Amino acid sequence: MKIKVFSYNRLNTPIHELSGLSKFICFLLLTFAVMFSYDIRVILAIMVFSFWALRVSKIKYSQIRLMVIYVVIFLLTNFVISYLFAPEQGPMIYGTHHEFGHIFGRYTLTWEQLLYQGTKTMKYASVVPLGIIFLLTTNPSEFASALNGVKVHYKAAFAVALTLRYLPDIQRDYNDISMSQQARGLDMSKKAKLRHRFKNALLIIIPLLFSTLDRIENISNAMDLRGFGKRKRRTWYAKRPFRRADWVAIGITASIFVASLSVSIFVNHSRFFNPFT
Amino acid sequence: MEEKKKLFQFKTSTIVAVGVGGAIFWLLFMFVKVPSPIPETSFQTAYGIAGFFGALFGPIAGGLIAFIGHAISDAVQYGSPWWSWVIASGVTGFIYGISFKFLKVGEGKFGVKGILIYNAVQIAANAAAWILVAPILDIVVYAEPVSLVFTQGAIAFVMNSISAGVIGTGLLAIYAATRTKEGSLNKE
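Basis of the calculations
- Residues numbered from 1 in each chain as written.
- Chains lettered and ligands numbered in written order.
- Predicted model: local features only at pLDDT ≥ 70, side-chain atom pairs only at ≥ 80, totals over all residues.
- Helix = DSSP H or I, 4+ residues; strand = E, 2+ residues; numbered from the N terminus.
- Rg over C-alpha atoms; globule rule 2.2 N^0.38 Å.
- Buried ≥ 20, exposed ≤ 12 C-beta atoms within 10 Å, placed from the backbone.
- Contact = placed C-beta atoms within 7 Å.
- Core = buried A, V, L, I, M, F, W, Y, C linked by C-beta atoms within 7 Å.
- Domains from an automatic or database assignment.
- Nonpolar A, V, L, I, M, F, W, Y, C, P; charged D, E, K, R; others polar.
- Pairing = 2+ DSSP bridges.
- Axes fitted to C-alpha atoms, helices over the stretch in contact; angles between N-to-C directions.
- Parallel < 35°, antiparallel > 145°, perpendicular 65-115°, else oblique.
- Left-handed = near helix turned anticlockwise from the far one by under 90°.
- Expected span 1.5 Å × (residues − 1).

Brief notes about the overall build of chain A
- Summing up its helical and strand segments, chain A has 10 helices and two strands in all.
- If you list the helices and strands of chain A from N to C, you get α-α-α-α-α-β-β-α-α-α-α-α.
- Rg of the C-alpha trace for chain A: 24 Å, well past the compact-globule value of 19 Å for 277 residues, more than 25% over.
- When its C-alpha atoms are laid out on the principal axes, chain A stretches across 65 × 55 × 35 Å.
- Evaluated residue by residue, chain A yields a buried proportion of 32% over its 277 residues.
- Here the analysis covers contacts within chain A between residues at least 6 apart in sequence; of these, 74% occur between residues at least 24 apart.

Considering the overall build of chain B
- Secondary structure assignment for chain B yields six helices and two strands.
- Of the regular secondary structure in chain B, the N- to C-terminal order runs α-β-β-α-α-α-α-α.
- Relative to the compact-globule value of 16 Å for 188 residues, chain B shows a C-alpha radius of gyration of 17 Å, a close match.
- In terms of principal-axis extent, the alpha carbons of chain B reach across some 70 × 30 × 25 Å.
- For chain B, the residues scored as buried account for 57% of the 188 residues in total.
- At a minimum sequence separation of 6, the contacts of chain B that also span at least 24 residues come to 75%.

Examining the environment of Ile 170 of chain A
- Take Ile 170 of chain A: it is sitting in helix 8 (residues 154-183).
- Ile 170 of chain A sits in the buried class, given 22 other C-beta atoms within 10 Å.
- Separated by 38 residues in sequence, Ile 170 of chain A and Leu 208 of chain A have C-alpha atoms that sit 8.1 Å apart.
- Here Ile 170 of chain A is in contact with Ala 23, Ile 24 and Leu 27 of chain B, once residues within four sequence places are set aside.

Some thoughts on the nonpolar core
- Formed by 114 residues in total, the largest nonpolar core has its most connected members in Val 160 of chain A together with Phe 25, Ala 50, Phe 53, Ala 55, Ile 65 and Ile 68 of chain B.
- It is helix 1 (residues 12-31) of chain B that contributes the most residues to this core, 13 residues altogether.
- No fewer than three residues from each of domain 1 (1-139 + 240-277) and domain 2 (153-237) of chain A sit in this core.
- In contact with Ile 65 of chain B, not counting residues within four places along its chain, are Val 18, Gly 21, Gly 22, Phe 25, Ala 50, Phe 53 and Gly 93 of chain B.

Focus: the interface of chain A and chain B
- Facing 53 residues of chain A, the contacting portion of chain B comprises 39 residues.
- Here the residues of the side of chain A that touches chain B sort into 37 nonpolar, 10 polar and six charged.

Description of the pairing of strand 2 (residues 107-110) of chain A
All names here are of chain A.
- Bridging between strand 1 (residues 99-104) and strand 2 involves four bridges; their strand directions are antiparallel. In the sheet register, Glu 99 faces strand 2, and the bridge partner there is Thr 110.
- Hairpin connection between strand 1 and strand 2: a loop of two residues separates the two successive antiparallel strands, and Gly 105 in this loop has a positive phi of roughly 55°.

Things to note about the packing of helix 4 (residues 61-85) of chain A against helix 6 (residues 111-137) of chain A
Residues and elements named next belong to chain A.
- Contact pair helix 4 / helix 6: the axes reach a minimum separation of 11 Å and the direction vectors enclose 160°. By the angle between their directions, the pair helix 4 and helix 6 is classed as roughly antiparallel. Considering how the two elements wind past one another, helix 4 and helix 6 form a crossing that is right-handed. For the pair helix 4 and helix 6, contact is made by Gln 63, Ile 64, Met 67, Val 71, Leu 75, Phe 79, Ser 82 and Tyr 83 and by Gln 117, Thr 121, Tyr 124, Ala 125, Val 128, Ile 132 and Leu 136, respectively.
- Tallied by class, the residues present in the contact of helix 4 with helix 6 amount to 11 nonpolar, four polar and no charged.

Remarks on the packing of helix 2 (residues 20-36) of chain A against helix 3 (residues 40-56) of chain A
Residue and element names in this part refer to chain A.
- It is at 10 Å that the axes of helix 2 and helix 3 come closest, and there the two elements cross at 155°. What the angle tells us is that helix 2 and helix 3 run roughly antiparallel. Crossing hand, helix 2 versus helix 3: left-handed. For the pair helix 2 and helix 3, the contacting residues are Leu 30, Ala 33 and Val 34 in the first and Ile 43, Ile 46 and Ser 50 in the second.
- Counted by class, the contact of helix 2 with helix 3 contains five nonpolar, one polar and no charged residues.

Focus on helix 9 (residues 194-225) of chain A
- Here helix 9 of chain A contains 32 residues, and its C-alpha end-to-end distance of 46 Å stays within 8% of the 46 Å for a straight helix at 1.5 Å per residue.
- Of the surrounding elements, those touching the buried residues of helix 9 of chain A are helix 8 of chain A together with helix 1 of chain B.
- One or two residues past the end of helix 9 of chain A sits Gly 227 of chain A, with phi positive at roughly 80°.

Here's the deal with the environment of Ser 270 of chain A
Residue and element names in this part refer to chain A.
- Inspection of the secondary structure assignment puts Ser 270 in the segment after helix 10 (244-267).
- A count of 12 C-beta atoms within 10 Å places Ser 270 in the exposed class.
- Between the C-alpha atoms of Ser 270 and Glu 88, which are 182 residues apart in sequence, the distance is 20 Å.

Some thoughts on unusual backbone geometry
- Although it is not a glycine, Lys 151 of chain A sits at a positive phi angle of roughly 70°.
- By secondary structure assignment, the location of Lys 151 of chain A is in the loop between helix 7 (140-149) and helix 8.
- Judged by local crowding, Lys 151 of chain A falls into the exposed class, with 8 C-beta atoms found within 10 Å.
- Of note in this structure, Ala 143 of chain B is not a glycine but carries a positive phi near 50°.
- By the element assignment, Ala 143 of chain B lies in the loop between helix 5 (112-142) and helix 6 (146-178).

A word on the environment of Ile 117 of chain B
- Residue placement: Ile 117 of chain B occurs in helix 5.
- In this structure, the C-alpha to C-alpha distance between Ile 117 of chain B and Ile 72 of chain B, residues 45 residues apart in sequence, is 30 Å.

What follows is the structure, given as structure tokens:
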């Protein structure tokens, strides 16, 4: 159960050089562009762009292998069960019915369904590189200042920073408690039945939770004593100043965002791209 | 010195509770779960933790714990958060936290009445999030098939209610038993 949460390593690429705030703004702009549009051309264009950015940021495949596997499994199951639940969703959206095959019963194969499901899969897949780039090229200490930069209240931003700070601690505590319980004879290995292992995992939560509650008191007292939360604003140690590259990056992604919206409004006259009518 | 409980206060302890609680939520969300027969849903013990923290620290803590924990877990597993379900998680945690106003777990009181209130709030929260928010966001953003998302939503509703009900109630009862009750000291 060892997992390195954010394998951030410092490299000299243009994307690493951007400030956390501008990367976060770019990430949000592109994500919303993809979430709004249902035009496969727009989505593929953004996908090409984000894979290009992935290359520029020199992220190695070994760093993201696990995520890629999870995403592929997710996309495949989503593809299959979407079809099982609603084989006529595509024709319903596009209003036409071009059949090119028939499996059995209501399960026909239509070009509309293929376009709809293909677009949806791309829509899910295209945000993945964006998230990966943001996570792996941003110093975790910069997250909080980036969130605060987009007007998230600094107390909420600080809570995110604290969560990131405590992920490894909680993981270590969980392992420690698990070891000591196993030393007392609690079976957590594969030999135990799944039901028992699940119950034993729950038994670990209780001491974990209670030691945590004590810790909350200690930490918040320490923060209060240092005057945390007295003012309406605060400054950040890990904040980077805005440079020209930051404005360029925001400019590029903002124009992609606007382009995606205008394709929907002026070209397709709806969120969906409809080549069938 | 009865301090009046404010539902939406944002004290330092709330922030720290979010930080540490979010980390526990994340841990359980990633590792302590049982997959269900319906694809893309599983029995998440993490919602019991969200219920526990919500009842102890209020809606802001509950909401942020579930939101941040779920978002980080998605980011680690899939590279990017799936916003529709992350937002629904946040809604769940936020509504769980409303029970904070009616409970006195911190003073060691969590009797039958407390259990009923906590579970009523918890079931309402899960219904709002998984039968309304999550499916509707999925339909609006991804144009997912209506029948699919409502089936998934209904399963998530049942499983998360059981998780928050059984695990959350159990943890709260254990916690209440460790607290010193008000007026338990008598002058002789």
